[in-house]
Amino acid sequence: MALDKEALKDAIEEKATKSPKPQLYIKDFYACDPDSKPRVIKNVANEMVREGRLAFWSSGSTTMYGIPSRIQDEEHSKED
Amino acid sequence: MAKHETPLLDQLESGPWPSFVTDIKKQAETKPECWDILGILELSYKDRITHWKHGGIVGVFGYGGGIVGRYADLPKQFPGVEHFHTVRVAQPASKYYSTANLRKLMDLWEKHGSGMTNFHGSTGDVILLGTRTENLEPFFWDLTHEMGQDLGGSGSNLRTPANCIGQSRCEWSCYDTEECCHFLTMHYQDEIHRPAFPYKFKFKFSGCPNDCVASIARSDISVIGTWKDNIRIDQAAVKEYVAGNYPANGGAHSGKDWGKFDIQKEVIDLCPTECMWMEGDELKIDDAECTRCMHCINVMPRALRPGADQGASICVGAKAPILDGAQFSTLIVPFMKVSADNDFEELVEFIEGVWDWWMEVGKNRERVGETMQRLGLPTFLKVMGIEPIPQHVKEPRSNPYVFWKEEEVEGGFERDIDEFRRKHAA
């Protein structure tokens, strides 16, 4: 049975926090709930961006998701 | 007064053609950050390496596309381009602008950005080059609230859909490309502004097989106008062309004497399927053999027109050369009615079928055409519920093995093998 929205958000946040890489593809979150359709996971991830729990990172051709502070830390480390 | 010495770039001004270096120098007179573009480019020519970094978390609130982060890797040396983000503004359908609209857009970009532009990017958007992160939200506010325009797509989003001029000015357009493009742009706002897919996704709409937006080469779903019945022939106009009273190609090749129009040499002999011939002074076409190349219609537009039973062919999977080279999209649906009367229902259903499959099985950074190539056209057709037809076959098979599915085998895979062998003794 698919997770409810809040449980799915928590699972996505945990994945984004524990992942070795600060940026993740949307497909990387599919494993958070194999019973949820890709489109549902995409909608939840985008809602989390609006809430500030995730942020977009884009190369221009590809867009990834991550915890805002982790992405910012990585960006700053590149500048140093 | 130039801020940097640019001898290599200066050479590019010496030819007879217009030079982007001259343009940037002119722009730098009012936007001094443009001197740093020339400086960093000159250094890249010397170092033979780019000094641009791309990507980042720049964007406007609520949107996951439309802004592409660009930074210089030598910000102290070139402070004017420390941030030099690209903004993609959705173009109007068919790229119809008023000069008032363009002036206002340019004023806005002079206010918030470098004033440099690129009309248009290959997706079709207006590309505004160079602004700082802190200018993005004010620019976006003015763009949306003062001009009623919107950002386009970037990243793993649906990219800004594009279309040819369609029925607004072209009598060959077999469906209303502007209506279709506008409808789907509004219908898929979420997919344009927020990343949804494993990678970028584009659709483009051409009204006829001339394919003026090159959708077959550039879009994941190409919607190309076509017709089901026969090319409409006006035999009286054919005679006028033969007599030299109407200029061939609508007069497009005037300015040089190409000699008398020769219908045999210029039309009939150039038909790729050899489906045309003259009977006396009448032109005949075996329409069943026509591949919709459009050549005869292009040469004799007053005599020939697309058929009256019109719709579109749907092709899937074009892409540029990152993996396995560039590829054209593959014909999937030879004919589909494309109409606003039913909100483009059949096309919407098709698009979402492709997305559902690709979002599930597509790898990260894999275009749908690459997914089709990896898993095979038969798999794609099966998923889409489309029966294979001769138009799907590119060439005779080279794989001698036939794999049967259980439902295709009488009695299934669990049938009584002894009973079978009694009837088919070795």
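Quick caveat: nothing in here was measured; it's all calculated off a predicted structure.

Conventions used here
Residues numbered from 1 in each chain as written. Chains lettered and ligands numbered in written order. Predicted model: local features only at pLDDT ≥ 70, side-chain atom pairs only at ≥ 80, totals over all residues. Helix = DSSP H or I, 4+ residues; strand = E, 2+ residues; numbered from the N terminus. Buried ≥ 20, exposed ≤ 12 C-beta atoms within 10 Å, placed from the backbone. Contact = placed C-beta atoms within 7 Å. Rg over C-alpha atoms; globule rule 2.2 N^0.38 Å. UniProt positions renumbered as here; feature names shortened; annotations may be inferred. Nonpolar A, V, L, I, M, F, W, Y, C, P; charged D, E, K, R; others polar. Domains from an automatic or database assignment.

A. View of the overall build of chain B. Counting its secondary structure elements, chain B contains 15 helices and 15 strands. Overall size of chain B, expressed as C-alpha extent along the three principal axes, is 90 × 70 × 45 Å. Put simply, chain B has 426 residues, and 39% of those count as buried. The contacts of chain B with a sequence gap of at least 6 include a subset with a gap of at least 24, amounting to 62%.

B. Region of interest: the overall build of chain A. When helices and strands are tallied, chain A shows 3 helices and 2 strands. Starting at the N terminus and ending at the C terminus, chain A contains elements arranged as α-α-β-β-α. At 13 Å, chain A has a C-alpha radius of gyration in line with the 12 Å of a compact globule built from 80 residues. Burial statistics for chain A: of 80 residues in total, 39% are counted as buried. Restricting to contacts in chain A with at least 6 residues of sequence separation, those with at least 24 account for 54%.

C. Expanded view of the environment of B:I37. Residues and elements named next belong to chain B. On the secondary structure map, I37 appears in helix 3 (residues 33-47). By C-beta crowding, I37 is classed as buried, having 26 other C-beta atoms within 10 Å. Separated by 361 residues in the primary sequence, I37 and S398 have C-alpha atoms spaced 53 Å apart. Once residues within four sequence positions are removed from consideration, I37 is found in contact with I24 and V81.

D. Inspection of unusual backbone geometry at higher detail. All names here are of chain B. The linkage connecting F119 with the following residue, H120, adopts the cis geometry, with an omega of -10°. Relative to the elements of secondary structure, H120 occurs in the loop between strand 5 (116-119) and strand 6 (126-129). The residue A214 is not glycine, and still its phi comes out positive at about 50°. Along the chain, the position of A214 falls in the loop between strand 8 (203-206) and helix 8 (215-218). Residue classification places A214 among the partly exposed positions, given that 16 C-beta atoms sit within 10 Å.

E. A look at the UniProt feature "domain: Dissimilatory sulphite reductase D" (unreviewed entry) in chain A. As annotated by UniProt and renumbered to match this structure, "domain: Dissimilatory sulphite reductase D" (unreviewed entry) occupies residues 8-69 of chain A. For residues 8-69 of chain A, helix accounts for 44% and strand for 13%, while the C-alpha atoms at its two ends are 21 Å apart.

F. Quick peek at the interface of chain B and chain A. Across the boundary between the two partners, chain B contributes 24 residues, which contact 20 residues of chain A. Here the side of chain B that touches chain A is composed, by residue class, of 7 nonpolar, 13 polar and 4 charged.

G. Representation of the domain arrangement of chain B within the structure. Residues and elements named next belong to chain B. Taken domain by domain, chain B comprises domain 1 (7-146), domain 2 (162-226 + 311-392) and domain 3 (232-305). The centre of domain 2, based on its C-alpha atoms, is set 31 Å off from the matching centre of domain 3. Each partner contributes to the interface: domain 2 provides 5 residues, whereas domain 3 provides 4 residues. A per-class count over the side of domain 2 that touches domain 3 returns 3 nonpolar, 2 polar and no charged.

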